[in-house]
Protein chains: 2
Amino acid sequence: MEFAHEQHGRHEQGRHERGPVLALVGATGAVGTTMIDIIDGRENVPWSEIRLVASPRSAGKVLRVRGQDITVQALAPEVFDGVDVALFDVPDEVSAQWAPIAAERGAVAVDNSGAFRMDPDVPLVVPEVNADKAAERPKGIISNPNCTTLSMMAAMGALHREFGLEALVVASYQAASGAGQGGIDRLYAELAAVAGREVGVRGGDVAEALAAAGLDAAASPFPAPLALNVVPWAGSLKDDGWSSEELKVRNEARKILGIPDLKVSATCVRVPVVTTHSLAVHATFSREVSVEAARKVLAEQPSIVLRDDPAAGEFPTPADAVGGDPTWVGRIRQALDFPNTLELFVCGDNLRKGAALNTYEIAETVAISL
Amino acid sequence: MEFAHEQHGRHEQGRHERGPVLALVGATGAVGTTMIDIIDGRENVPWSEIRLVASPRSAGKVLRVRGQDITVQALAPEVFDGVDVALFDVPDEVSAQWAPIAAERGAVAVDNSGAFRMDPDVPLVVPEVNADKAAERPKGIISNPNCTTLSMMAAMGALHREFGLEALVVASYQAASGAGQGGIDRLYAELAAVAGREVGVRGGDVAEALAAAGLDAAASPFPAPLALNVVPWAGSLKDDGWSSEELKVRNEARKILGIPDLKVSATCVRVPVVTTHSLAVHATFSREVSVEAARKVLAEQPSIVLRDDPAAGEFPTPADAVGGDPTWVGRIRQALDFPNTLELFVCGDNLRKGAALNTYEIAETVAISL
């Protein structure tokens with residue numbers, strides 16, 4: 001399993017010369033599966049060994065990574081011995097318990113849960129925006145942002161550097177896979193229940209069609225039907241009617257961009273898309289902006305695809321962005337009635353840049369510094 | 001066909017004593033069909049006669065309205081003779097030609113196209129907001145607003161009266177039926193093509209699945225796949241990258257609310273919902289607002305259903321609002337970083353309040369004044 005060794009032809013003389021060891025915790029989930037896709041797709045990886053870790057239920061499964069069969073291990077303190085970087089994609093409470101254990105055993109834990117994101121001693125990193133923060137990790141933990149926030153960060157980071165971001169009004173179009181494999185499965189099941197039937201035109205019949213197909217509303221990860229519907233809710237209820245997802249967009253954008261007083265209002269809405277979150281963004285800057293200048297800045301970003309030619313029918317959609325690494329940006333307009341304000345539409349694969357890819361990019365950023 | 005006569009038991013002594021005559025132009029389209037549903041559903045209607053009018057292609061069809069069979073007539077000047085109110089739901093260019101002919105023959109034309117909405121001599125009416133404007137119709141034409149604008153007007157009109165509206169930032173979640181019956185048919189066909197297949201997770205395969213099912217992209221009323229996707233485009237391209245739909249939201253909201261300098265930025269996005277448009281609205285007022293005060297104002301509106309109890313899982317969705325007359329409003333939050341600003345989520349059936357219902361309500365407003 002000496003990937004770095006095999007690829008670079010180095011001699012095995014010690015762990016660091018062989019390359020660092022990576023552990024992937026939550027390897028069998030929606031994001032974990034995407035993580036393996038990403039690792040498989042890289043030309044080179046720095047790791048001498050990759051360990052796959054999951055719940056005891058998934059332990060013993062064999063997954064193929066870069067041509068090698070790897071047996072999934074059950075989560076236990078010992079799996080982190082000798083690990084340099086441990087990626088976590090597990091529920092908040094699992095991360096809260098296990099990321100510190102990984103750190104204690106000497107690994108840098110890169111965590112995709114919400115457990116540590118707002119901890120002042122844990123950096124929240126988007127490598128294009130604030131890679132330097134990855135080195136400041138007093139707890140040995142680095143957090144990966146929420147997927148909705150992440151979808152716009154590469155674009156907003158680039159525009160902020162140029163024009164000085166002051167305020168964001170955001171409405172999201174969030175994919176089912178934001179709720180994990182269970183969200184994907186539910187959307188497919190709901191679509192099968194409504195497809196080929198004349199439902200959705202008159203009242204109540206989407207819910208009826210789902211019930212008729214034996215799809216229990218209480219078993220859904222979503223609080224309302226998602227097929228032929230949109231659901232203005234994601235996450236849990238926080239103070240004053242805000243959802244946790246909406247507050248994450250505000251708090252995480254402030255932390256990542258380093259603008260503690262950034263004004264943010266977000267409305268988070270689930271849509272019947274499998275994968276890729278989209279955001280309609282109304283962004284106000286301290287300096288004068290133009291569509292042309294914004295396009296120039298965005299076009300220079302390696303992680304952004306600018307698709308903004310409505311005359312040619314070109315604008316970003318989730319079906320375009322899904323499965324790829326870049327964030328797609330388009331529909332850039334100067335607000336007609338709001339000074340220094342741009343409208344734009346952003347699509348980012350929530351399992352890739354929104355989760356697995358950014359987490360992995362943090363891991364490689366850490367690996368370089370080891 | 002003397003509806004008013006039959007229902008009220010009046011003697012037939014002359015046209016106005018019998019009740020006015022209604023013509024419905026575009027009777028066989030998506031909105032026309034909904035219009036007939038609405039007329040069927042009314043306890044009483046003021047009309048002594050209802051004429052159904054459509055293109056020559058649909059002429060001769062027999063449709064049942066309030067228990068009577070009515071033969072669809074082909075559009076011709078003579079069909080308007082003796083008509084008091086003529087409702088038009090036809091393409092812009094058909095309205096532009098025929099609404100003035102109806103007016104010339106003595107009818108009040110109530111038009112649901114975009115042909116006359118911004119004409120200063122044509123009122124743009126939402127009865128709950130500006131019913132008084134229906135009497136000022138120098139051209140004999142009254143316009144019905146665009147469905148996207150309409151979806152939020154009952155709510156914004158009520159909030160404006162109380163708090164003084166200054167600015168709107170809007171992101172839409174627009175249904176396929178906004179593009180007419182062709183839009184509905186296309187969405188169903190696309191859903192059938194993707195249902196039961198594992199598509200939409202990885203790149204490009206929604207488009208592939210549609211192509212494999214023989215669905216020609218060029219034949220779609222939408223500029224991209226709509227199943228398992230969202231499409232940030234509606235209408236035609238206007239100056240500086242704005243879509244016609246987005247500018248309608250701005251211009252029509254200003255005209256209906258009577259606020260010529262209302263600040264508006266809209267992003268219009270099509271979603272895979274059959275019927276009912278939703279809007280995420282960020283609304284700034286000149287006076288202090290609170291969630292409680294806003295809820296009180298909205299709860300008093302007969303045409304609004306307030307569904308705003310996230311703790312109980314209650315918020316508006318298109319599947320709830322579809323098929324009904326009211327606008328559903330919820331997710332009301334005070335913006336954390338923007339003074340005097342509320343966030344809210346609004347759902348309105350785009351074929352009913354967004355088109356047929358409001359048009360019909362204008363017609364009844366006119367009928368009362370005849």
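Computed from a predicted model, the values in this text were never measured in an experiment.

**Overview of the overall build of chain A**
Counting its regular elements, chain A contains 12 helices and 14 strands. Computed over the C-alpha atoms, the radius of gyration of chain A is 21 Å, within 12% of the 21 Å expected from 2.2 N^0.38 for a compact globule of 370 residues. Based on the C-alpha atoms only, the size of chain A along its principal axes is roughly 65 × 55 × 45 Å. Taking all 370 residues of chain A together, the buried fraction comes to 61%. In chain A, the proportion of contacts linking residues at least 24 apart, taken out of those at least 6 apart, comes to 68%. Of the roughly 13,100 Å² of accessible surface on chain A, 48% is carried by carbon and sulfur atoms. Charge centroids of chain A, computed over 33 positive and 49 negative side chains, lie 1 Å from each other.

**Points about the pattern of salt bridges**
The final tally for this structure, using the stated rule, is 34 salt bridges over all chains. Ionic pairing is found between aspartate 320 of chain B and arginine 307 of chain B, a salt bridge with its closest N-O pair at 4.0 Å. In this pair, aspartate 320 of chain B sits in helix 11 (residues 318–321) while arginine 307 of chain B sits in the loop between strand 12 (304–306) and helix 11, placing the two residues 13 residues apart along the sequence. What makes aspartate 320 of chain B partly exposed here is its relative accessible area of 30%. Through salt bridges with shared partners, a single ionic network connects Glu128, Lys353 and Glu361 of chain A.

**Quick notes on the confidence of the model for chain A**
All names here are of chain A. Across chain A, the average pLDDT comes to 92, with 93% of residues at 70 or higher. In this model, residues 1–15 is a region of pLDDT below 50 whose contacts with residues beyond four sequence positions or in other chains number 43 contacts. Across the assembled chains, the prediction reports ipTM 0.92 with pTM 0.92.

**A word on the sheet that holds strand 13 (residues 327–334) of chain A**
Residue and element names in this part refer to chain A. Sheet architecture is open: 6 strands sit in the order 10-9-11-14-13-12, paired in mixed fashion. Both edges of this open sheet fall to strand 10 (263–267) and strand 12 (304–306), since each of them pairs with a single strand only. If you compare each strand with its neighbour and ignore which way they point, the axes differ by 25° on average. Across 5 bridges, the pairing between strand 13 and strand 14 (residues 341–348) is antiparallel. Considered in strand 14, the bridge of arginine 333 is made with glutamate 343.

**Some remarks on the UniProt feature "binding site: NADP(+)" (unreviewed entry) in chain A**
Residues and elements named next belong to chain A. In the UniProt entry, the feature "binding site: NADP(+)" (unreviewed entry) is given for Thr28, Gly29, Ala30, Val31, Arg57, Ser58, Ser177, Gly178 and Asn350. In summary, the annotated positions, distributed over 323 residues, remain apart in three dimensions as well, the widest C-alpha pair reaching 25.6 Å. The residues contacting serine 177, other than those within four sequence positions of it, are Ile184, Val274, Thr275, Asn350 and Leu351. Its place among the elements puts glycine 178 in the loop between strand 9 (165–173) and helix 7 (180–194). With residues up to four places along the chain from it excluded, the contact list for glycine 178 reads Arg270, His277 and Asn350.

**Considering helix 8 (residues 205–212) of chain A**
Residues and elements named next belong to chain A. Looking only at helix 8, the buried set comprises Asp205, Val206, Ala209 and Leu210. Down the axis of helix 8, the buried set is contained in an arc of 145°. They therefore lie on one face. Along helix 8, the residues that are exposed and aim more than 90 degrees away from the buried face are Glu208, Ala211 and Ala212. Backbone geometry just downstream of helix 8 places glycine 214 in the positive-phi region, at approximately 80°.

**Observations concerning the interface of chain A and chain B**
Contacts between the two partners involve 72 residues from chain A and, on the opposite side, 73 residues from chain B. Together, Tyr188, Arg333 and Asp337 of chain A form the three largest contributors to the area buried by chain A at its contact with chain B, with a combined 10%. For the pair chain A and chain B, the interface holds 8 salt bridges. On the surface where chain A and chain B come into contact, there are 28 residue pairs in polar contact (both at pLDDT 80 or more). Mapped by element, the contributors of at least two residues to the side of chain A that touches chain B are strand 9, helix 7, helix 9 (244–257), strand 10, strand 11 (277–285), helix 11 (318–321), strand 13 and strand 14 of chain A. For the side of chain A that touches chain B, the element with the highest residue contribution is strand 9 of chain A, accounting for 6 residues. When grouped by side-chain class, the residues that make up the side of chain A that touches chain B number 44 nonpolar, 15 polar and 13 charged.

**Here we look at the nonpolar core**
Of all hydrophobic cores here, the largest spans 42 residues; its most connected members are Leu187 and Leu228 of chain A together with Leu187 and Leu228 of chain B. Elements that contribute at least two residues to this core include exactly helix 7 and helix 8 of chain A together with helix 7 (180–194) and helix 8 (205–212) of chain B. If we skip the residues at most four places from it in the chain, leucine 187 of chain A touches Ala176, Leu226, Ala227, Pro272, Val273 and Val274 of chain A together with Leu228 of chain B.

**Brief notes about the packing of aromatic side chains**
Under the definition given, this model contains 11 aromatic pairs over all chains. A ring pair is formed by tyrosine 173 of chain A and tyrosine 173 of chain B, whose centres lie 4.2 Å apart and whose planes are at 25°; its orientation type is stacked. Note that tyrosine 173 of chain A is positioned in strand 9 and tyrosine 173 of chain B in strand 9 (residues 165–173), a pairing that runs across two chains. Look at phenylalanine 80 of chain B and phenylalanine 88 of chain B: their rings are 5.7 Å apart centre to centre, the planes differ by 25°, and that puts the pair in the stacked class. We note that phenylalanine 80 of chain B, like phenylalanine 88 of chain B, is buried. Each residue in the set Tyr173 and Phe345 of chain A together with Tyr173 and Phe345 of chain B is aromatic and connected to the rest through ring pairs, giving one cluster. If you follow arginine 333 of chain A out to its NZ or CZ, it ends over the ring of tryptophan 242 of chain B, 4.7 Å from the centre.

**So, the pairing of strand 6 (residues 85–88) of chain A**
All names here are of chain A. The alternating pattern of strand 6 places Val85 and Leu87 on one face and Ala86 and Phe88 on the opposite face, and all of these are buried. In this structure, strand 1 (residues 21–25) lies alongside strand 6, joined through 4 bridges in parallel fashion. Opposite alanine 23, over in strand 6, you have alanine 86 as the bridge partner. As paired strands, strand 6 and strand 7 (residues 108–111) are joined by 4 bridges and run parallel to one another.

**Here's the deal with the relation of the copies chain A and chain B**
Note on the identical chains: chain A maps onto chain B by a rotation of 180° and an axial translation of 0.0 Å, with an RMSD of 0.0 Å. What the superposition gives is, in effect, a two-fold axis relating one chain to the other. An overlap of 100% is found between the interface residues of chain A and their copies at the interface of chain B, pointing to a shared contact surface.

**Examining helix 10 (residues 291–299) of chain B**
Residues and elements named next belong to chain B. Within helix 10, burial applies to Val291, Ala294, Val297 and Leu298. With its buried residues spanning 130° around the axis, helix 10 presents them on a single face. Turned more than 90 degrees away from the buried face of helix 10, the exposed residues are Glu292, Lys296 and Ala299. Summarising the contacts, the buried residues of helix 10 are in contact with helix 6 (147–163), strand 12, strand 13 (327–334) and strand 14 (341–348).

Parameters at a glance
- Residues numbered from 1 in each chain as written.
- Chains lettered and ligands numbered in written order.
- Predicted model: local features only at pLDDT ≥ 70, side-chain atom pairs only at ≥ 80, totals over all residues.
- Heavy atoms only, no water.
- Helix = DSSP H or I, 4+ residues; strand = E, 2+ residues; numbered from the N terminus.
- Rg over C-alpha atoms; globule rule 2.2 N^0.38 Å.
- Buried < 20%, exposed > 50% of the residue type's maximum accessible area, 1.4 Å probe, protein only.
- Contact = heavy atoms within 4.5 Å.
- Areas by Shrake-Rupley, 256 points an atom, 1.4 Å probe, with all protein chains shown as cover.
- Lys, Arg positive; Asp, Glu negative; His and termini not counted.
- Charge placed at Lys NZ, Arg CZ, Asp CG, Glu CD.
- Salt bridge = Lys/Arg side-chain N within 4 Å of Asp/Glu carboxyl O.
- pLDDT = per-residue confidence, 0-100.
- Pairing = 2+ DSSP bridges.
- Axes fitted to C-alpha atoms, helices over the stretch in contact; angles between N-to-C directions.
- UniProt positions renumbered as here; feature names shortened; annotations may be inferred.
- Arc of directions from axis to C-beta.
- Buried area = accessible area lost by both parts, 1.4 Å probe.
- Polar contact = N/O pair within 3.5 Å; in protein donor to acceptor, adjacent residues only side chain to side chain.
- Nonpolar A, V, L, I, M, F, W, Y, C, P; charged D, E, K, R; others polar.
- Core = buried A, V, L, I, M, F, W, Y, C linked by side-chain atoms within 4.5 Å.
- Phe/Tyr/Trp six-rings, centres within 6.5 Å; stacked < 30°, edge-to-face > 60°.
- Lys NZ or Arg CZ within 6 Å of the ring centre and 35° of its normal.
- Least-squares fit on C-alpha atoms with pLDDT ≥ 70 in both.

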